[in-house]
Amino acid sequence: MKNPNPLEERPFIDLVKHRTSCRSYQPGPLPKAHLDRMLETARLAPSACNRQPWRFAVVQDEATRMRLVDEAFLSGIPMRWAADAEAIIALGMEKSIVTHRIAPKISGVDYPLIDLGIAGEHLVLQAEELGLGTCWIGWIKPKVVRRIVGWPRGIEPIGLITVGWPVADARKTRPRLPPEETTIWL
Ligand SMILES: Cc1cc2nc3c(=O)[nH]c(=O)nc-3n(C[C@H](O)[C@H](O)[C@H](O)COP(=O)(O)O)c2cc1C
């Protein structure tokens, strides 16, 4: 699909269909207003008991970004492309929230991780609306991320999201399971 005019209003389904993980970035300044807007959509995300366990570290400083790329990725998946992103946002989970420590033990459902996923995807979809490319990176060394961004031990890094201007036509659409395989109607 052609990259649509980011300022043009478009139906949500089109935005979702157009988003793909971006692993090819071109240089260009990232306006702070764009990052602010992305972070605002994450801030407004729903969360279990409204506990908002998400924490974000926005890494724009080049030396710090390079440290993340050089040191914080696990081996096995080539991810040097991340060095070309203008920003890398670390997603961290605040571990001290009492309800989030107790409730998952009772139900077996990992609420804080769900909360982080929702907030992160809000951010990603807002970036898409602004014409930016993003990619979730979960193949990380959490302790190394924590050290590089300077978070205390009470914040557990759960992923990174690269942000930058996508190279035109670098998008690759990956297939999805058909609804018959994922959904039952009762
Ligand atoms: C939680 C999570 C972790 C991911 N980790 C990585 C990663 O470490 N490296 C990478 O290149 N892509 C990563 N991805 C991107 C997925 O590979 C991608 O979303 C999936 O293949 C579907 O492709 P699409 O995003 O282009 O639609 C991750 C995505 C999610 C949601």
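Residues numbered from 1 in each chain as written. Predicted model: local features only at pLDDT ≥ 70, side-chain atom pairs only at ≥ 80, totals over all residues. Heavy atoms only, no water.

> Provide a residue-level description of the site of the ligand, including the pertinent values.
In the neighbourhood of the ligand, 13 residues make up the surrounding shell, with S21, R23, G138, R174 and R176 lying closest. In this structure, R174 approaches the ligand through a side-chain N or O atom, which is 2.8 Å from an oxygen atom. Coverage of the ligand by the protein chains reaches 68% of its 620 Å² of free accessible surface. The residue makeup of the shell around the ligand, split by class, is six nonpolar, three polar and four charged. (Near = heavy atom within 4 Å. Polar contact = N/O pair within 3.5 Å; in protein donor to acceptor, adjacent residues only side chain to side chain. Areas by Shrake-Rupley, 256 points an atom, 1.4 Å probe, with all protein chains shown as cover. Nonpolar A, V, L, I, M, F, W, Y, C, P; charged D, E, K, R; others polar.)

> Can you break down the pattern of salt bridges residue by residue, with the values?
Overall, the coordinates contain nine salt bridges when judged by the stated rule. Salt-bridge contacts for E40 lead to R43; the nearest nitrogen and oxygen are separated by 2.8 Å. Remark: R43 and E40 occur in helix α2 (residues 32-43); sequence separation between them is three residues, near one turn of the helix. Judged by its relative accessible area of 33%, E40 is partly exposed. (Salt bridge = Lys/Arg side-chain N within 4 Å of Asp/Glu carboxyl O. Helix = DSSP H or I, 4+ residues; strand = E, 2+ residues; numbered from the N terminus. Buried < 20%, exposed > 50% of the residue type's maximum accessible area, 1.4 Å probe, protein only.)

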